[in-house]
Amino acid sequence: SAVISQKPSRDICQRGTSLTIQCQVDSQVTMMFWYRQQPGQSLTLIATANQGSEATYESGFVIDKFPISRPNLTFSTLTVSNMSPEDSSIYLCSVDLTGSYNEQFFGPGTRLTVL
Amino acid sequence: QKEVEQNSGPLSVPEGAIASLNCTYSDRGSQSFFWYRQYSGKSPELIMFIYSNGDKEDGRFTAQLNKASQYVSLLIRDSQPSDSATYLCAVNFVSGGGADGLTFGKGTHLIIQP
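Okay, so let's go over this structure. Predicted model, so just to flag it, every value in this text is computed and none were measured.

**Here we look at the pairing of strand 5 (residues 43-50) of chain A**
Residues and elements named next belong to chain A. Most of strand 5 sits out of view: six of its eight residues are buried. In terms of strand pairing, strand 4 (residues 31-37) meets strand 5 through seven bridges, oriented antiparallel. Among the inter-strand pairings, Trp34 is bridged to a residue of strand 5, identified as Ala47. Where strand 4 hands over to strand 5, the hairpin turn is made up of five residues, of which Gly40 adopts a positive phi near 75°. Here two bridges tie strand 5 to strand 6 (residues 56-57), and the two strands are oriented antiparallel to one another. Counterpart to Ala47 in the pairing with strand 6 is Tyr57. Between strand 5 and the antiparallel strand that follows it, strand 6, lie five residues; Gly52 among them carries a positive phi value of about 90°.

**Regarding the interface of chain B and chain A**
Contact with chain B, which involves 21 residues of that partner, is made by 23 residues of chain A. The contact between chain B and chain A buries some 1500 Å² in all, and 53% of this surface belongs to carbon and sulfur atoms. Run the count over chain B and chain A and you get zero salt bridges. Those elements giving two or more residues to the side of chain B that touches chain A turn out to be strand 4 (32-38), strand 5 (45-50) and strand 9 (85-92) of chain B. It is strand 4 of chain B that provides the largest number of residues to the side of chain B that touches chain A, a total of four residues.

Conventions adopted
Residues numbered from 1 in each chain as written. Chains lettered and ligands numbered in written order. Predicted model: local features only at pLDDT ≥ 70, side-chain atom pairs only at ≥ 80, totals over all residues. Heavy atoms only, no water. Buried < 20%, exposed > 50% of the residue type's maximum accessible area, 1.4 Å probe, protein only. Helix = DSSP H or I, 4+ residues; strand = E, 2+ residues; numbered from the N terminus. Pairing = 2+ DSSP bridges. Contact = heavy atoms within 4.5 Å. Buried area = accessible area lost by both parts, 1.4 Å probe. Salt bridge = Lys/Arg side-chain N within 4 Å of Asp/Glu carboxyl O.

Next comes the structure, spelled out in structure tokens:
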């Protein structure tokens, strides 16, 4: 397994502002993923972030709203831009430690509340 | 359309009994299947994964896969109150293997009654 950390663990933000969430892994991984879990709901994939290439976004998610950086094999950021109350969710990063079998392990999550 | 279906529950099981959780998925070409456990306020924890038809056992947990029926299940033997959680079924819809994002079901809320 790996130790995955996220910062911040929670935040309360004002409408129209942006928040950048950091995900750090204690080992090098090729694949990192960002998910959203809205209140009382299951997880929805936002995008896949590979080091050295542009993030791949799922239907319904766009780069202008959720820009992602992946500067190296242990770190990624997700920015939630121009926030509205509908963006209030838990944002989770995950990593695939196997590199091929897609066994994903999740960070502790960032609980975001937008007022 | 990628879809993973689970009964949301709650599923109530007496302590010591077998809990049976079920999941169906939409794409016959799906390659890998996962069960996550999520306690309230916590992130999902991977407890089982299965790639081949049949059963896979790990301690008190058994995952069962039937690709022809597009059906995955999780059995928890000797259920304990600490097993009370939401269980999420997840599927990798990418054919041919390889790493990709997962599609999750809505989860089944399991309650183990002491």
